[in-house]
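Here is how the chains run, residue by residue.
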Amino acid sequence: MTPLDKLIVALDMNTEEKAVAMAERLKNDVKFLKIGLELFSSCGPGIVERIRETGCDVFLDLKFHDIPNTVAKAAASVASLEPFMFNVHALGGYEMMKRTADAVTAEASRLGIANPKVLAVTILTSMDEKAIKEVGLGLGSKDAVLKLAALAKKAGLDGVVASPSETKVIRKELGEDFLIVTPGVRPEWATANDQKRIATPKIAIKDGANYIVVGRPITESKDPAEAARRIQKEMEI
Ligand code: C5P
């Protein structure tokens, strides 16, 4: 895996025009782009194909959380859009994750397309200990994250989205084959924005992340492609 295979750039924008323009500026230096709720809700599912047409692969970050039947069917629809990766909430439970993984495999095989990787979000990194207690979880954040990550693995998911502070322990407990995607990554030369628990690209990769997600330090830079190249260089360890 080269640094090119490890960087995902978040396209947090609200129009197709802006997102495609950014994808065009990045496509020679970045392999993976992330479409989140803002862009998907603004533009609709067609935005996935539009971004894929630039030659980049798409991580569809929609964080599904509903009853097993609903999420499994939505996931089958998502598979037909051919993202290389998408995600659900682990708090939806074992059955929801298992049925989702099965539905995606069945749909991909029916369509003769690659199986997208399915990731679980464990505990949102925006939740601190107080917020976790408020929703009634009787575990601290670290135990909750590990428990949910293990459940995701048991359900057949490919990996998790995790904050830099959780990467090391997940890698240690769940092994080398379990994917870890880490947002909240900031190179030393960038501002933190609203991210709190941050790590540099080098540390995130050293701690065991397979992919890092970076948004604003690249997309708000004067030269996004150059910023992406600098981050990839920083990842070389
Ligand atoms: O601009 P920035 O680098 O902060 O963007 C990070 C991206 O990763 C955003 O799209 C954000 O929604 C996403 N993300 C995050 N923390 C999580 C999960 C996703 O920052 N726990």
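Up top is the structure these notes are about.
Residues numbered from 1 in each chain as written. Predicted model: local features only at pLDDT ≥ 70, side-chain atom pairs only at ≥ 80, totals over all residues. Heavy atoms only, no water.

(A) How the structure looks around the overall build of the protein chain. Check the secondary structure of the protein chain and you find eleven helices and eight strands. Its C-alpha atoms give the protein chain a radius of gyration of 17 Å, within 12% of the compact-globule value 18 Å for 237 residues. Based on the C-alpha atoms only, the size of the protein chain along its principal axes is roughly 45 × 40 × 30 Å. Expressed as a percentage of its 237 residues, the buried residues of the protein chain come to 52%. Residue pairs at least 24 apart in sequence account for 69% of intrachain contacts in the protein chain once pairs closer than 6 positions are excluded. Charge centroids of the protein chain, computed over 33 positive and 33 negative side chains, lie 3 Å from each other. (Helix = DSSP H or I, 4+ residues; strand = E, 2+ residues; numbered from the N terminus. Rg over C-alpha atoms; globule rule 2.2 N^0.38 Å. Buried < 20%, exposed > 50% of the residue type's maximum accessible area, 1.4 Å probe, protein only. Contact = heavy atoms within 4.5 Å. Lys, Arg positive; Asp, Glu negative; His and termini not counted. Charge placed at Lys NZ, Arg CZ, Asp CG, Glu CD.)

(B) Main features of the packing of aromatic side chains. Enumeration according to the criterion identifies four aromatic pairs in this entry. Between Phe32 and Tyr211, the ring centres sit 5.5 Å apart and the planes meet at 90 degrees, which makes this aromatic pair edge-to-face. Pair noted here: Phe32 is in strand E2 (residues 32–36) and Tyr211 is in strand E8 (residues 211–214), with a separation of 179 residues, a long-range link. Accessibility expressed as a relative area gives 5% for Phe32, which makes it buried. Members of the aromatic cluster, joined through ring pairs, are Phe32, Phe84 and Tyr211. Over the face of the ring belonging to Tyr94 we find Lys154, whose NZ or CZ atom lies 5.3 Å from the ring centre. In this structure, Arg230 packs its charged tip against the face of Trp189, placed 4.2 Å from the ring centre. (Phe/Tyr/Trp six-rings, centres within 6.5 Å; stacked < 30°, edge-to-face > 60°. Lys NZ or Arg CZ within 6 Å of the ring centre and 35° of its normal.)

(C) Broad picture of the nonpolar core. One finds Leu7, Ile51 and Ile212 to be the most contacted residues of the largest nonpolar core, which totals 63 residues. Broken down by element, this core gets its largest block of residues, six residues, from helix H7 (residues 141–154). Beyond its immediate stretch of four places on either side in the chain, Leu7 contacts Val30, Phe32, Ile212, Val214, Ile218, Ala228, Ile231, Gln232 and Met235. Of all hydrophobic cores here, the second largest spans 13 residues; its members include Phe32, Phe84, Met85 and Tyr211. (Core = buried A, V, L, I, M, F, W, Y, C linked by side-chain atoms within 4.5 Å.)

(D) Up close: helix H8 (residues 164–174). The set of residues buried in H8 consists of Pro164, Glu166, Thr167, Val169, Ile170, Arg171 and Leu174. In this structure, the buried side of H8 is in contact with H7, strand E6 (159–161), strand E7 (179–182) and helix H9 (201–206).

(E) Up close: the environment of Ile35. Relative to the assigned elements, Ile35 resides in strand E2. For Ile35, a relative accessible area of 0% translates into the label buried. Counting along the chain gives 14 residues from Ile35 to Glu49, while the straight-line C-alpha distance between them is 11 Å.

(F) Region of the structure containing the layout of surface pockets. Estimates place the volume of the largest pocket at around 1,000 Å³. Lining the largest pocket are 38 residues; nearest its centre among them are Lys34, Lys63, Thr125, Pro183 and Gln195. Of the residues assigned to the lining of the largest pocket, the class counts are 16 nonpolar, ten polar and twelve charged. If you add up the space inside the second largest pocket, you get close to 160 Å³. Lining the second largest pocket we find Arg52, Asp57, Glu82, Pro83, Phe84, Ile113, Ala114, Asn115, Pro116, Lys117 and Tyr211. Its residues assigned to classes, the lining of the second largest pocket comprises six nonpolar, one polar and four charged. (1 Å grid on protein atoms, 1.4 Å probe; cavity = no way out; pocket = protein on both sides within 12 Å on 5 of 7 lines; lining within 4 Å. Points joined across faces, edges and corners; volume = space filled by probe spheres on them. Nonpolar A, V, L, I, M, F, W, Y, C, P; charged D, E, K, R; others polar.)

(G) The packing of H7 against H8, seen in detail. At a minimum axis separation of 10 Å, H7 and H8 run at an interaxial angle of 45 degrees. With respect to their mutual orientation, H7 and H8 come out oblique. In this structure, H7 crosses over H8, and the sense of that crossing is right-handed. Across from Lys142, Val145, Leu146, Ala149, Ala150 and Lys153 in H7, the residues of H8 making contact are Glu166, Val169, Ile170, Glu173 and Leu174. Residues that form the contact of H7 with H8 fall into these classes: seven nonpolar, no polar and four charged. (Axes fitted to C-alpha atoms, helices over the stretch in contact; angles between N-to-C directions. Parallel < 35°, antiparallel > 145°, perpendicular 65-115°, else oblique. Left-handed = near helix turned anticlockwise from the far one by under 90°.)

(H) Highlighting the packing of helix H4 (residues 68–80) against helix H5 (residues 94–111). Contact geometry for H4 and H5: axes closest at 8 Å, N-to-C directions at 30 degrees. By the angle class used here, H4 and H5 are roughly parallel. H5 is crossed by H4, and the crossing has right-handed handedness. For the pair H4 and H5, the contacting residues are Pro68, Asn69, Val71, Ala72, Ala75, Ala76, Ala79 and Ser80 in the first and Glu95, Met96, Arg99, Thr100, Ala103, Val104, Glu107 and Leu111 in the second. Taken together, the residues of the contact of H4 with H5 break down into ten nonpolar, three polar and three charged.

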